[in-house]
Structure formats: C-alpha cells, structure tokens
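Chain by chain, the residues run as shown.
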Amino acid sequence: MFSFKQLVCFVLSLLSFMSVFYSVGKLGIFLATPSRTPSSTQAFPSNRTEARAALFPLFFNTIWVVLFVLQHSAMRADVVKRVWRAIGLELAERSLYNIASSYCLLLLLKNWKSSPTQYQLWFFDVEQNKTLWWLMVGSHVLCWIVVYGGSLMVDLPELIGLKHVYYDINDLAPPMSYKSRDLQDYYKRYRHPSFVALSVVLWFTNGMSVDRFLLAIVWSVYMYLAWNTTKADLQYHQLQLERKRAELVRVTK
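Quantities reported herein were computed from a predicted structural model and do not represent experimental measurements.

A. Spatial organisation of unusual backbone geometry. The phi torsion at D171 lies on the positive side, around 55°, for a residue other than glycine. Its location among the elements puts D171 in the loop between helix 7 (162–169) and helix 8 (181–189).

B. Structural context of the packing of helix 5 (residues 130–153) against helix 9 (residues 195–203). The contact between helix 5 and helix 9 brings their axes to 9 Å, and the two run at 150°. If you check the angle between helix 5 and helix 9, you find them roughly antiparallel. Relative to helix 9, helix 5 is oriented so that their crossing is left-handed. Taking contact as the criterion, the partners of H140, C143, W144, V146 and V147 in helix 5 are, on helix 9, A197, L198, V200 and V201.

C. Broad picture of the environment of A197. Within the element layout of this structure, A197 appears in helix 9. For A197, a relative accessible area of 5% gives the class buried. Discounting residues that sit within four places of it in the chain, A197 has contacts with C143, V146 and V147.

D. Structural view of the nonpolar core. Core analysis: the biggest nonpolar cluster contains 31 residues, and L27, L31, L108, W144, L215 and W219 have the highest contact counts within it. Listed by contribution, the elements that provide at least two residues to this core are helix 1 (4–32), helix 2 (48–74), helix 4 (93–111), helix 5, helix 8, helix 9 and helix 10 (210–226). Of all the elements, helix 10 adds the most residues to this core, at six residues. Of all hydrophobic cores here, the second largest spans 11 residues; its members include C9, L12, M75 and Y97.

Rules used throughout
Residues numbered from 1 in each chain as written. Predicted model: local features only at pLDDT ≥ 70, side-chain atom pairs only at ≥ 80, totals over all residues. Heavy atoms only, no water. Helix = DSSP H or I, 4+ residues; strand = E, 2+ residues; numbered from the N terminus. Axes fitted to C-alpha atoms, helices over the stretch in contact; angles between N-to-C directions. Parallel < 35°, antiparallel > 145°, perpendicular 65-115°, else oblique. Left-handed = near helix turned anticlockwise from the far one by under 90°. Contact = heavy atoms within 4.5 Å. Buried < 20%, exposed > 50% of the residue type's maximum accessible area, 1.4 Å probe, protein only. Core = buried A, V, L, I, M, F, W, Y, C linked by side-chain atoms within 4.5 Å.

Written as structure tokens, this is what we have:
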C-alpha cells in the first residue's frame, strides 16, 4: 500500500516524465523549423534605430536563457537537496529538478522574441531546394534519436525520477546505490547524452538569426563548462567497451 509521501512522489515522477517529453518535443520543433526568407540579409543593424529594435528582444531573450541556466545549475546544489530531505521529498528530487527545467524551457520558448528585421549571420533558402530541406530536418531527427538513445543508456527511468519511487515502494535501496562507484562518480559530472548531437541541433540551421545565435552560443558554452568529464571517465568508457566486446565474442562463439 502506498504511503501519502510515496503517492505524492509518484505523481510528481509522472508529471516529470510528461513535462520532459513535452518540453523537449517543443524544443526540437523550435530548433528544427527552417527559417523563411529573411526581411533583411544584413548580419548586423546599420544605424541606431535598427540597433535599438534588434537589442530590445535580445535583452528579454537573454533573461530567459540565463533563467534556464541558473535553474539548471542551482537545483543541483547540495543545499537544495538538503531542503528536499528536510520537507520529506527526497524521493522526488530528480522529478522536481526535471519539472523545473521543463517549465523554464517552456517559458523560454513561449516568450522568445525575434527581431522584427531578422538579421541573419547566414541564410540559405531551403524552400527552393528539397534536398537541403530534408538534409536539415533529417539531421535534427537523427540527432534527437541519438539523444533519446543516450538517455536510455544512462538509465532514463532513474534520470526522470520514476525508479526512485518504484524502489522505495518495494523497500529497496536508492537506485544509484546499485551502480558501481565509478559509474556514480561519472553520473555526478555527466548525465546529459551526446554533446555533439545537441550542438548540431543548436547550430545546424538554414538561417542563423542573432537571437538564435545568442541561444546557441550560451547553451554551447554552458554544456562545455558543465559537462566536465575527466580522464578517469574516458578510461571508464574504454573499460566498459572492452567488456562489451568480450561479452559479444563469448555469445557469438
């Protein structure tokens, strides 16, 4: 029988699951949608009036980007985790983190403002070239498949928060305690899959507007700084790869 605490955490884990998939889906559409023919082919404004009109939406976009980055970093702090434990929601720590990240992302997408003149750093017309259209859209779809596959490999149920509740209901230790010490250390530094795939969806666009460039550069720098893998992580990956190869050799014999 569920306790009230377990029931609350279970509901939050389901909300986390739905929020993550919905917000990431919206982000995928936002980043993959090809740009239409721009009203201006200039890379930068040519006078003060145009500069003011371009900087105004950039200012608000920066607020939403910074909000997402701050939330994504601040909620990983030990002091926040102690707060969840103090109020009895330690089971929902991952779920609450994902819910907050999802809604910060949705706020960013909903309130994103583009410059009325749409200054472009580069632009190529994909409406007249179906090959380029499908190349761009197909590459985004492939990259999101890689991200999703990588999420499964890093234990998606645990990442979402569902496994924490399931283990607690069945009187099991926290799911992370069943993983090796090396893997636990690795997950503390790196939980997002595929830096390359996420970089592609950020930068591979037919029209790199100034506001899109802001989003791409901030998130790329944040990913590079936050995903601080070490030499030990690379050695761990190499060891696991060698073990998998050995297992495959034994199975195929």
